[in-house]
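What the coordinates show
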Amino acid sequence: MNREVRGLIVKREDGSEIVNYDNPSFPSYIYDGWVAPHVTWERVPHFHEDLEIVAVKSGNMAYSVNGKTVMLSPGDTIVVNSNQIHYSMCINDEVARYVIFVVHPSIMMSSVEVEMQAVRPIIENKDLSFIRFRKNNEYSEDVFNIMLQLPEIRNDAFQVTRHLFDLWDYLLKSGSRYQMIDENTSFDPRMNLFKSMMYYISESYKDNITLAKIADSAHISKSLCNNLFNQYVGESPINYVMHFRCRKVAEYLRSSPMSLSDIAAITGFNGVSYMSEVFRKYFDSSPSEYRKKWASI
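All figures in this text were calculated on a predicted structure; none of them were measured in a lab.

A word on the side chain of Arg 245
- Position of Arg 245 among the secondary structure elements: in helix H7 (residues 237-255).
- Sequence-distant contacts of Arg 245, defined by excluding residues within four places in its chain, comprise Tyr 205, Asp 207, Ile 209, Thr 267, Gly 268 and Phe 269.

Observations concerning the pattern of salt bridges
- With the rule as written, the count across this model stands at nine salt bridges.
- Between Asp 166 and Arg 162 there is a salt bridge, with the nearest N and O atoms lying 4.0 Å from each other. Here Asp 166 pairs with Arg 162, and both are found in helix H3 (residues 157-174), just four residues apart, close to one helical turn.
- Take Arg 162: its relative accessible area is 39%, and that puts it in the partly exposed class.
- The residue Lys 173 makes a salt bridge to Asp 169 at a minimum N-O spacing of 3.2 Å. With Lys 173 and Asp 169 both in helix H3 and four residues apart, this pair spans about one turn of that helix.
- We classify Lys 173 as partly exposed; its relative accessible area is 36%.
- Asp 169 gets classed as partly exposed once you look at its relative accessible area, which sits at 35%.

Remarks on unusual backbone geometry
- The residue Asn 66 is not glycine, and still its phi comes out positive at about 55°.
- Asn 66 sits in the buried class, given a relative accessible area of 14%.
- Although it is not a glycine, Asp 284 adopts a positive phi angle of roughly 60°.
- Relative to the helices and strands, Asp 284 is located in the loop between helix H9 (272-283) and helix H10 (287-295).
- Overall, Asp 284 belongs to the exposed group, its relative accessible area being 56%.

Parameters and conventions
Residues numbered from 1 in each chain as written. Predicted model: local features only at pLDDT ≥ 70, side-chain atom pairs only at ≥ 80, totals over all residues. Heavy atoms only, no water. Helix = DSSP H or I, 4+ residues; strand = E, 2+ residues; numbered from the N terminus. Contact = heavy atoms within 4.5 Å. Salt bridge = Lys/Arg side-chain N within 4 Å of Asp/Glu carboxyl O. Buried < 20%, exposed > 50% of the residue type's maximum accessible area, 1.4 Å probe, protein only.

Have a look at this one:
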């Protein structure tokens, strides 16, 4: 994976994320990573066809999946199902370290029989947004140990495939009787409306975006627009836009020598002063301080 795109979210026309696979010819991304307060990849709502599996090595963290917060401790593993709106979160300003495995389910579809019998019953289950393996649950240690092995074999397609099938076997075995499937989560047909608005913002964040324009992009009322943003990302539509713009500012600060005034102009801010004020709210530092910090990493 290219270092310059780590932590960045690139999207297709439907708003789904384009995963930066380790090998373009094999749809798998494995990374021994971390999340800390105010990094660009924390609290970035996105979705993709791939499964996203995270095993927490140290520290406490959380995942938001379709607006539900899932707490994770060392030894826990979460499997986020295909096409769910999700993002990672820090807890109590802790740094958490984890292994993340983002993989397209097509790897397991070696035959129509396998696809229909073992894969689609999970990825097409609209009421199954995630499965959480708590540290002390049955199979959790086995799942966790498989995840810890993945970074060493990330470039071996055969071994990754073999380990994925082992993980999938535990997913199929676990089932609702072990309370690893969130039975209180049901499919919300309004999710697609929210995805439409996410995509509109990602394409139009440089422009003068208003609440009315965001709501119009999904052909809904401003009231419903507000409700959906609070449900799925816990903030208002306009706050989401500002947060999105600041993440773009952070990307430019990390990857280019552009001046602050130029960055402000291309990210939708009306001047450096206002950009700096809003940026500090989300990243707890000024743009200049942020650039200096990342230049030393």
